Amino acid sequence: MATGLIALLDDIAAIAKMAAASLDDVAAQTAKAGAKAAGVVIDDAAVTPRYVVGLTPERELPIIGRIALGSLKNKLLFLLPGALLLGYFAPWAITPLLMLGGVYLCYEGAEKLYGVFFPHAAHEHENAVLGHKTDPVALENEKVAGAVRTDFILSAEIMALTLSTVADASIYMQGAVLAAVGIAITLAVYGVVGLIVKADDAGVALAKTSVSALRAIGRGLVVGMPVFLKFLAVVGTAAMLWVGGSILVHGLAQMGYAGPEHTIHDISEVVTHAVAVAPGLVGWIATSAQQALLAIVVGAVTIAVMGNIVGPIWNRLRPASH
C-alpha cells in the first residue's frame with residue numbers, strides 16, 4: 001500500500017513538472033508572439049480612442065468596456081478557432097482573408113481623410129452607407145460596432161502573426177498561446193485606452209487638490225489631453241492606412257505578385273541612400289508612407305464602390321429585413 005502511494009505521488013509530481021514546463025513554454029511563446037505583434041498592438045491602441053471622443057464623459061468607460069468585450073469575443077470565439085481550423089485545413093485561405101481585412105482598413109483610413117478634406121461630401125457618403133441616425137443610443141451602437149469591426153481586422157493580423165510564431169508547435173500549444181496573447185493584448189490595449197480617455201477627468205480632480213505640484217500636473221493634463229487626443233486621431237488614421245497597405249503588399253507577394261513590394265523596397269532604398277541619416281528609421285518611414293499611399297488609393301476606390309453601389313442597395317434592402 002505504501003509503495004503504491006509513493007508511486008502515485010511520484011506520478012503526480014511528474015505530471016506537475018510536465019505541466020509547469022508546458023506553462024513555461026506557453027509563457028515563452030506568448031512573449032515571443034506578443035513582441036512580434038507589437039506594431040499592430042500599438043496601432044490598435046492608437047485607433048480605438050477616436051471611437052470614444054465626442055461622447056459624454058459618463059459613457060466613455062462603458063463604451064470602452066463594450067468594445068473590449070467585443071474584442072475578446074473576436075479573438076477567443078471567432079479568430080482563435082478560425083485560425084486553428086484554417087491553419088490545419090486551409091492555410092491557403094489565410095492570406096486572402098487578411099487581404100480583405102486590409103481593404104477594410106484602407107477604406108476606414110481613407111474615409112477619415114475624406115472627412116477632413118471634404119466634410120460635407122463625407123457626411124453624405126456616411127448617410128448613404130449607414131443611413132441617417134440621430135438617436136444617441138443608435139449613434140453609440142454604431143460607434144461600438146465600427147470599433148469592433150476595426151478591432152476584428154487588427155486582431156486577425158495579431159492572431160495571424162502569433163500563429164506564424166508557433167506554426168511548428170502542437171495544436172494544443174498553438175491554441176494556448178493564441179488565447180494567452182489575445183487576452184493579454186486586449187487587457188493591455190483597452191486598459192491604456194481607458195487611461196487615455198479619462199486622463200482629462202483625472203486632471204480636473206488633481207487641479208482641485210491642495211498640493212501645488214499635483215495641481216500643476218492636473219492643469220497640464222486638462223490643457224494637454226485635447227491636443228494629445230487630436231494627435232492620436234492622426235496617428236490612428238495613419239496606422240490604419242499603414243497596416244492596411246502593408247497587409248495588401250505582403251499578401252500580394254505571398255500570392256506570387258511581388259511587383260508592388262519590390263517597387264516599394266527599391267524606392268525606400270533610394271530614399272535611404274539619399275538622406276544618409278538614421279537609415280533604419282528613414283527606410284521604415286519611406287516604406288510605410290508608400291504603403292499608406294497605396295492604401296489611400298485602394299480606400300478611395302472602395303469609398304466610391306460603397307457610396308455608389310453597395311450603400312444604396314443595402315439601404316433599399318434594409319427596411320424589408322425588419
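What you see is a predicted model, and the numbers here were worked out from it, not measured in a lab.

This part is about the overall build of the protein chain. Counting its secondary structure elements, the protein chain contains 11 helices and 0 strands. Listing every helix and strand of the protein chain by position from the N terminus yields α-α-α-α-α-α-α-α-α-α-α. Of all 322 residues assigned to the protein chain, the portion counted as buried reaches 37%.

Let us now look at the packing of helix α8 (residues 199-207) against helix α9 (residues 212-254). Taken N-terminus to C-terminus, the directions of α8 and α9 make an angle of 145°; their axes are 7 Å apart at the nearest point. The two elements α8 and α9 meet at a crossing, and its hand is left-handed. For the pair formed by α8 and α9, the contact residues are Ala199, Asp200, Gly203, Val204, Leu206 and Ala207 on the first element and Leu214, Arg215, Ile217, Gly218, Arg219, Leu221, Val222 and Met225 on the second. When grouped by side-chain class, the residues that make up the contact of α8 with α9 number 9 nonpolar, 2 polar and 3 charged.

The subject of this paragraph is unusual backbone geometry. For Ala276, which is not glycine, the phi dihedral falls at a positive 60°. At Ala278, a position not held by glycine, the phi torsion is positive, near 45°. For Ala278, the position within the fold is in the loop between α10 (259-275) and α11 (279-317).

The next point concerns the environment of Leu221. Summarising the element assignment, Leu221 is placed in helix α9. A sequence separation of 22 residues divides Leu221 from Ala199, and the C-alpha atoms of the two residues are 6.7 Å apart.

As for its placement among the helices and strands, Val301 is situated in helix α11. Among the residues examined, Val301 registers a relative accessible area of 51% and is labelled exposed. Spatially, the C-alpha atom of Val301 lies 9.5 Å from that of Ala110, the residues being 191 residues apart in sequence.

To continue, consider the confidence of the model for the protein chain. With 77% of its residues at a pLDDT of at least 70, the protein chain reaches an overall mean of 80. Within the protein chain, the element-level pLDDT minimum falls on helix α1 (residues 2-36), averaging 48, and the maximum on α10, averaging 94. For the stretch residues 15-23, pLDDT sits under 50, and the model shows 1 contact to residues farther than four places along the chain or on other chains.

Now for the packing of aromatic side chains. By the definition in use, this model includes 4 aromatic pairs. On the numbers, 6.4 Å between centres and 45° between planes, the contact of Tyr104 with Tyr107 is tilted. Residue Tyr104 and its partner Tyr107 are located together in helix α4 (residues 94-117), separated by 3 residues, close to a single helical turn. Tyr107 carries the same exposure label as Tyr104, and that label is buried. Between Trp242 and Trp284, the aromatic rings sit 5.6 Å apart at their centres with planes inclined by 70°, giving edge-to-face as the arrangement. One end of the pair, Trp242, is in helix α9; the other, Trp284, is in helix α11, with 42 residues separating them in the sequence.

Leu80, Leu105, Met159, Leu178, Val243 and Ile247 are the most contacted members of the largest nonpolar core, which has 19 residues in total. The contact partners of Leu178, leaving out residues within four places of it in the chain, are Leu80, Ala83, Leu84, Met159, Thr162 and Leu163. In terms of nonpolar packing, the next biggest core, distinct from the first, is built from 17 residues, Ile63, Ala147, Val177 and Val197 among them.

So, about a nonpolar patch on the surface. A surface patch of nonpolar side chains, about 560 Å² in accessible area, is lined by Leu76, Leu77, Phe78, Phe152, Ile183 and Leu187. Listed by contribution, the elements that provide at least two residues to the nonpolar patch are α3 (57-89) and α7 (171-197). Of all the elements, α3 adds the most residues to the nonpolar patch, at 3 residues. Here Phe152 lies in helix α6 (residues 136-165).

Quick notes on the rules
Residues numbered from 1 in each chain as written. Predicted model: local features only at pLDDT ≥ 70, side-chain atom pairs only at ≥ 80, totals over all residues. Heavy atoms only, no water. Helix = DSSP H or I, 4+ residues; strand = E, 2+ residues; numbered from the N terminus. Buried < 20%, exposed > 50% of the residue type's maximum accessible area, 1.4 Å probe, protein only. Axes fitted to C-alpha atoms, helices over the stretch in contact; angles between N-to-C directions. Left-handed = near helix turned anticlockwise from the far one by under 90°. Contact = heavy atoms within 4.5 Å. Nonpolar A, V, L, I, M, F, W, Y, C, P; charged D, E, K, R; others polar. pLDDT = per-residue confidence, 0-100. Phe/Tyr/Trp six-rings, centres within 6.5 Å; stacked < 30°, edge-to-face > 60°. Core = buried A, V, L, I, M, F, W, Y, C linked by side-chain atoms within 4.5 Å. Patch = residues over 30% accessible without salt bridge, like charges linked within 9 Å, V, L, I, M, F, W, Y side chains within 5 Å. Areas by Shrake-Rupley, 256 points an atom, 1.4 Å probe, with all protein chains shown as cover. Salt bridge = Lys/Arg side-chain N within 4 Å of Asp/Glu carboxyl O.

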